[in-house]
Amino acid sequence: MSREAVQPDQWVALRLPNETMRILQVVPNTTISLGKYGSFPTNLIIERPFHLTYEVQDKREGETFSRLRVISAKELNADILADTSGEAPDAEGEDVVVAPADGEEMTLVDESGEVLVRSNREIIDDTARQTLATEEIEELKRKGASAGKELIAKLLLSHTAIDQKTAYSLAKYKLLKTKKYIRRFTVLPLDVPQLGQWLLEERDSSKILEMRPELMALAGCWADVHFGGVPCAETDGSQGGRWLVVDDTGGLLVAAMAERMDILHRKPEEEEAPEPAPAETSAAAKEESREEQPQDASETTNRPPAQTQQKKRPRKSDFDVPYVSKNTLTLIHSNSQPNLVLLKYFNYDNTNPNQPYPYHPLATNLMPISWLQLLAPEEDEAYVNNPPEATPEELSSWKTNRRGNYHRKRRRWARIRHVVDTTRAGGFSGLAVASTMDPISIMKTTLPLLAGGAPVAIYSPSIEPLTKLADCFSVARRAAWVSNSPPEIEGKTAEELERWEGTAEFPLNPTLLLGVAIQTSRARRWQVLPGRTHPIMMGRGGADGFLLTGWRAIPVEGKIEARGKFKRRKMESS
């Protein structure tokens, strides 16, 4: 889908004037409600560019919906770029004319703080500087009040001490009222940092382990997650472009890594790709394609055009897995199905094993595997039980539902066998972890699967689990391992030492990870305005989060000795 314009059924982020954000799916022919800011039809923003700021206008006479007006950049930045020299700036857009009521006295100042209209009132009640009553404000809100402009102007005119405010105080007062009453919003493309910030501030942050965007970015950087190349028949699948991930954040870490690998969004050329030429198919594939055809011709004519034109990939056999060999993510999870609920915001449904064609990039590049399948695949029934083979004559005698179940079981078994075998073979390019599990137990299983020099990045909301893991690879523990090796490792090969179970003194082989360090980072928000730039003093609390980093090392076999004759040079005396 296009990344430059809003598309139907796409998830977008709407930034509201009060600095909150709403994430919603743009469903055609529906209405988007913004609460107190109003509502509008979704068709008004479809196929329009991102990063535009709209204003919800009042309903016109005879219409049941509100129209939108695009706010220009000059009008948006009129207050920020206001000249404080005394000259009123030119404001583009609709002028708001507020007529005083009978006996009403007003004072009005411009953006520079200069008094334009002064009231002749001489007595000021300090206890009631805002003379506009709450009932009058609510009445103006019910009437619409020209998308909030008239209401804000009324509030400024009704403030009895407006002429006593400085230019900065007046700008701050107007900004607060604008955020409260102006009916504007900005349409932004949904990306991973915005999704993470929204989940952190407006949803249950514990479900994503309070992972802030800066820690998410650090995890991707230190794990060296990048585009790993396009797979082809000549390349070996064990080389480069394969990352291992343990994610307990509902798919947020997976989405961040997939965005770096350029497999998070559909490509426009993939959506518009022509249907591949039909290939020679087996009897099982022909039977499968026959069962997918409608039973009645009227079903095709009554379907919507989008369903009628859906492309189908010809399958050579049930064992033709859709996975690629490079630029992949292998997700290790602890349940029967991985928790990737957040990937729905990027139009990927992980609960559907039979993805529609053309495939979403994650359908071919994301391979889930459970801890049971990784540690003891022979105990997993889905891996061991090979579906029985049926002859074409038997298939033709079965009913449609039975044939469908037969093909689904065989395809599922082929996918699981492929994922388990390739994962246990190892050779991964890096490891990224954001989990509530003990990091030491995670490293016992995942560390031997990494290639030499592969980076490791492990996130934890608290520092204590990471300090225990870092102590396993400390210099002192490594020196003790070399000088006084434990008796349990006597006679073991290098491969056996990589998968060693460990002891209380040496939970892990301390020579397998080098350059271990723990770090954290927190970016503070700043108010950047002319003459008043300073950090924002209020912010969200919660866990800071910490990141452990290191590099996979392959220990040299045997002892290292230095041999040779070295001649000491005599220094000539001057």
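Everything numeric in this text was worked out from a predicted model, so none of it was measured.

**Here's the deal with the sheet that holds strand β15 (residues 513-519)**
- The strand order β12-β11-β10-β13-β14-β18-β15 describes an open sheet built from 7 strands, whose pairing is mixed. Of all the strands in the sheet, just β12 (366-370) and β15 have a single pairing partner and so form its edges. Across the sheet, the mean angle separating the axes of adjacent strands is 15° when strand polarity is ignored.
- Two strands pair when backbone bridges link them, and β15 and strand β18 (residues 546-552) are joined in this way by 5 bridges, in the antiparallel orientation. Across the sheet, residue Leu513 finds its bridge partner in β18, namely Arg552.
- Packing of helix α7 (residues 252-260) onto the sheet brings it into contact with β10 (242-247), β11 (328-333), β12 and β13 (430-434), and relative to β10 it is tilted by some 160°.

**Some words on unusual backbone geometry**
- Positive phi, normally seen in glycine, also occurs at Glu19, with a value near 70°.
- Counting through the fold element by element, Glu19 comes out in the loop between β1 (11-15) and β2 (21-25).
- Among the residues examined, Glu19 registers a relative accessible area of 49% and is labelled partly exposed.
- Positive phi values are uncommon outside glycine, yet Leu209 reaches one of about 60°.

**Some words on the sheet that holds strand β6 (residues 68-71)**
- Spatially, the 5 strands line up as an open sheet ordered β2-β1-β9-β5-β6, and their pairing is antiparallel. Among the strands making up the open sheet, the edge pair consists of β2 and β6. Taking each pair of neighbouring strands and ignoring which way they run, the sheet shows an average axis angle of 35°.

Conventions we followed
Residues numbered from 1 in each chain as written. Predicted model: local features only at pLDDT ≥ 70, side-chain atom pairs only at ≥ 80, totals over all residues. Heavy atoms only, no water. Pairing = 2+ DSSP bridges. Helix = DSSP H or I, 4+ residues; strand = E, 2+ residues; numbered from the N terminus. Axes fitted to C-alpha atoms, helices over the stretch in contact; angles between N-to-C directions. Contact = heavy atoms within 4.5 Å. Buried < 20%, exposed > 50% of the residue type's maximum accessible area, 1.4 Å probe, protein only.

These figures come from the coordinates and say nothing about function on their own.
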